[in-house]
Each structure stands twice: as structure tokens, then as C-alpha cells.
Amino acid sequence: MNTIQLECFVAVAENLNFSRASEELKITQPAVSHQIRSLETELDVKLFKRTSKSVSLTQEGLQFLPDAQLILRTALSARERLGQHDRFIPFEVGCHNHMELNLMPPILKKLAEDFPLLRPEVRLVPFPSLLSLIENKQIHTAFGIKEEQKKSSLYFRELCSAPIACVCSPEHPLAQYETLSRNQLSGSLVACAPRQIADSIFAVQNSIVIKLRPEQRYFASNMESALTLVKARIGYTLYPDIAPGRESGLAYIPVTDLPRVSFGVYYRYDDDHPVMKRFLKICSGIRAN
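S.K.: Can you break down the overall build of the protein residue by residue, with the values?
M.R.: In terms of helices and strands, the protein carries 10 helices and 12 strands. Overall, the C-alpha framework of the protein stretches about 60 × 50 × 35 Å when taken along its three principal axes. Across the 289 residues in the protein, those meeting the buried criterion constitute 46%. For the protein, the share of sequence-separated contacts (at least 6 apart) that also reach a separation of at least 24 residues comes to 75%. Total accessible area on the protein is roughly 15,400 Å²; 52% of this is exposed by carbon and sulfur atoms. Side-chain charges of the protein comprise 34 positive and 31 negative groups, with the mean position of each set lying 2 Å from the other.

Dropping the structure here:
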């Protein structure tokens with residue numbers, strides 16, 4: 001396995017198109033295909049499903065993609081350190097969705113001021129994969145909602161107890177209220193697909209949606225898609241309200257008789273990364289509504 005194989009694999013995985021990957025890498029399409037075939041032979045798995053009309057990742061390809069990206073980043077970081085004789089400090093933080101990404105700019109600003117050689121990366125990862133990346137030391141920490149867990153090597157530090165809010169357009173009828181109860185929720189609900197949000201949040205959304213008429217039910221593949229439908233005034237959704245992570249242009253009304261959730265950061269018990277302590281201290285300033 002070499003970096004050329006991995007660069008070809010990642011380029012095709014990101015473009016799902018061999019022609020665009022070859023243009024991006026500035027090598028011929030047959031050369032890209034050859035590198036992919038040799039990588040598949042070495043790994044003894046198929047990484048892509050290929051037809052005359054489309055390219056998609058196999059399950060093995062999806063599993064291998066984070067590893068390939070990590071190896072390439074590690075190689076690039078090593079080249080930079082050796083070339084510049086600096087001791088850069090890589091630090092990777094995982095987020096489930098754009099609302100968690102919204103928390104990062106002020107945190108990274110303070111970290112960069114304290115650690116000039118910091119080389120941070122923020123990774124947006126589908127919900128089921130994120131905690132396993134921490135366990136496997138592929139990222140250092142991740143935001144998340146506390147769930148009942150089996151025994152693991154991860155520690156959860158609560159940052160705030162967040163209310164579940166009705167998230168809607170300012171023009172939605174529910175936006176006129178300062179607080180709501182379950183019984184006051186009305187209209188179409190945009191629910192998120194399971195395994196793309198925390199189980200506790202999916203359970204809340206599902207408990208409401210099953211009581212609605214079919215024409216009032218909308219389902220989104222992830223929270224970004226759900227919020228897009230909300231912004232289009234198609235309906236409202238339900239999600240924890242963490243004030244610094246709010247999407248602009250939307251109203252957040254707490255639903256007072258829904259259970260609050262514990263929001264915080266996950267990290268390994270044995271992680272002694274030099275930035276972690278400062279990161280946790282800065283994060284402790286995050287407050288819910």
C-alpha cells in the first residue's frame with residue numbers, strides 16, 4: 001500500500017467519478033483505475049461498485065475511507081515537520097452536524113493563540129462512526145449527546161444540560177411562543193433518520209411523528225437536510241438547543257415537558273495530548289439556552 005494508491009482511492013471516493021478524480025490528480029484515468037485495482041487486490045476487498053452509469057463505495061470502501069484519509073494526513077504532516085523542522089501539533093475534533101461545527105471557531109481561535117504550532121482539523125462524521133474513531137485513536141475528541149454506553153475506553157465530560165427545542169422558521173405559527181409544551185406542538189414535523197442523530201433525540205422525534213397524519217410527516221437523511229426543510233417553512237423539527245450552535249435565521253422555542261439532554265465531549269481516558277486540557281477548559285464555557 002502506498003500514498004499514490006490512497007490518493008487515487010480518496011479522490012474517487014470523494015468525486016464518485018473516475019474521470020473527475022483523474023483531472024484532480026493530473027494523471028490519466030487508466031492510471032487511476034490501475035491504482036484502485038492494485039489496492040483492492042492488496043486489501044482483498046472491493047472498494048467500489050462500478051456500473052456503466054455510476055460509481056459508489058462498497059461497505060468495505062466506506063469503512064476504509066477514514067483510514068485512508070488518516071494515513072494521507074499523517075504522511076503530509078510528517079513531510080511538513082521534516083521540511084520545516086517545526087514540531088506541529090495535530091489535533092482532530094469530530095462533529096456530528098453543522099450545529100456542532102458552529103461551536104468550533106471561537107474554540108479554535110483561543111487554542112491557536114495558546115499553541116502557535118497547532119494544526120487543528122474538524123471532521124464532520126456520520127453519527128454511528130464518530131465514537132469509534134476516538135476509540136481507534138483516529139481523532140482526539142468529539143462533541144456529542146450522552147447516551148447509555150457499553151463499557152468503553154471513552155470518557156464523557158458534560159458541558160451543559162440542553163433543553164429540546166422546537167426549531168422552526170420565524171414565520172411558523174409556533175414561533176410566536178416563548179415556551180411550548182408537547183400538546184402545543186402542531187403542524188408538520190421534519191424528523192431525522194435513525195442512526196444519524198442520538199437515540200434519545202430520535203425517540204423524542206418519533207414519539208411525536210407517529211401521532212401525525214401521513215401528510216404531516218417529513219423525513220430527512222440528516223440534520224442538515226432537516227434544517228433545510230425547516231428553513232423552507234415545510235415544518236418544524238425538534239433538537240437540543242445549545243445557543244452558540246444555533247443556525248441563523250431560525251427560531252428556537254424550548255419544549256418544557258420534554259427531557260433535557262446532556263451535551264458534552266467524548267475523549268479517551270488515556271489521551272495525554274498536550275492540547276486536550278486547554279480544549280476542555282475552553283469548552284467548559286459552552287452554555288445551553
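S.K.: Quick rundown of the nonpolar core? Include the residues and the values.
M.R.: Ranked by internal contacts, the top residues of the largest apolar core, which has 61 residues, are L111, F143, L238 and F279. Counting residues in each nonpolar core, the second largest holds 20 residues, with V10, A11, V32 and L57 among its members.

S.K.: Tell me about the sheet that holds strand β12 (residues 261–268), residues and numbers included.
M.R.: Read across the sheet, five strands follow the order β4-β3-β5-β12-β6 without closing on themselves; strand pairing throughout is mixed. Across the chains shown, the open sheet's two edge strands, defined by having one partner strand only, are β4 (118–124) and β6 (154–162). Taking the axes of each pair of neighbouring strands and ignoring which way they run, one obtains an average angle of 20° across the sheet. Here two bridges tie strand β3 (residues 89–95) to strand β5 (residues 141–145), and the two strands are oriented parallel to one another. Counterpart to G94 in the pairing with β5 is A142.

S.K.: Summarise helix α10 (residues 276–283); cite the residues concerned and give the values.
M.R.: Turning to α10, its buried residues are M276, F279, L280, I282 and C283. One side of α10 holds all its buried residues, which, seen down the axis, span an arc of 160°. Exposed side chains of α10 directed beyond 90 degrees from the buried face belong to K277 and K281. Where α10 is buried, its residues touch β3, α6 (104–114), β5, β6 and β12.

S.K.: A description of the packing of helix α2 (residues 18–25) against helix α3 (residues 29–43) should follow, citing residues and the corresponding values.
M.R.: Any two packed helices are characterised by the angle at which their axes cross and by the distance between the axes. The interhelical angle for the contact between α2 and α3, taken along N-to-C directions, is 105°, at an axis separation of 8 Å. When the interaxial angle is binned, α2 and α3 end up roughly perpendicular. Counted together, F18, S19, S22 and L25 of α2 and Q29, V32, S33 and I36 of α3 form the full contact between these two elements. Looking at the contact of α2 with α3 residue by residue, the class counts come to four nonpolar, four polar and no charged.

S.K.: So, the packing of helix α1 (residues 3–15) against α3: which residues are in play, and what are the values?
M.R.: At their nearest, the axes of α1 and α3 sit 9 Å apart, and the two run at 105° to each other. Between α1 and α3, the interaxial angle falls into the category roughly perpendicular. Residues I4, Q5, L6, C8, F9 and V12 of α1 lie in contact with α3, whose contacting residues are V32, Q35, I36, S38, L39 and E42.

S.K.: Tell me about the sheet that holds strand β7 (residues 164–168), and name the residues and values.
M.R.: Taking strand neighbours across the sheet as the criterion, the three strands line up as β10-β7-β11 in an open arrangement whose pairing is antiparallel. Sheet topology places β10 (237–240) and β11 (251–254) at the edges, where each strand pairs with a single neighbour. On average, each strand axis in the sheet is inclined to that of its neighbour by 40°, with strand direction left out of account. Relative to β10, β7 runs antiparallel, the two sharing four bridges.

What counts as what
- Each chain has its residues counted from 1, running along the sequence as written.
- Since the coordinates come from a predicted model, pLDDT governs what is reported: local features require at least 70, and pairs of side-chain atoms require 80 or more to be given and counted, while whole-chain, interface and lining totals use all residues.
- Hydrogens and water are ignored here; the side-chain numbers use all heavy atoms of the structure.
- Helical segments are the DSSP runs of H or I of at least four residues, strand segments are the runs of E of at least two, and each set is numbered from the N terminus.
- Relative accessibility under 20% of the residue-type maximum defines a buried residue, over 50% an exposed one, and the middle range a partly exposed one, all with a 1.4 Å probe and only protein chains included.
- Working rule for contacts: check all heavy atoms of both residues, and any pair within 4.5 Å makes them a contact.
- The Shrake-Rupley method, run with a 1.4 Å probe, gives the accessible areas here. Residue values count only the displayed protein chains as cover.
- By the counting rule applied here, Lys and Arg register as positive and Asp and Glu as negative, while His and the ends of each chain are not counted.
- Think of each charge as sitting on NZ of Lys, CZ of Arg, CG of Asp or CD of Glu.
- Only buried Ala, Val, Leu, Ile, Met, Phe, Trp, Tyr and Cys residues count toward a nonpolar core, and they belong to the same one when joined by side-chain atoms within 4.5 Å.
- If DSSP finds at least two bridges between two strands, the strands pair.
- To obtain an axis, a line is fitted to C-alpha atoms, over the contacting stretch when the element is a helix, and the angle between two such axes runs from 0 to 180 degrees between their N-to-C directions.
- Read the arc as the range of directions from the helix axis to the C-beta atoms.
- Orientation labels follow simple angle bins: below 35 degrees gives roughly parallel, above 145 gives roughly antiparallel, 65 to 115 gives roughly perpendicular, and whatever is left gives oblique.
- Under the grouping applied here, Gly and all other residues not named as nonpolar or charged are polar, the nonpolar ones being Ala, Val, Leu, Ile, Met, Phe, Trp, Tyr, Cys and Pro and the charged ones Asp, Glu, Lys and Arg.

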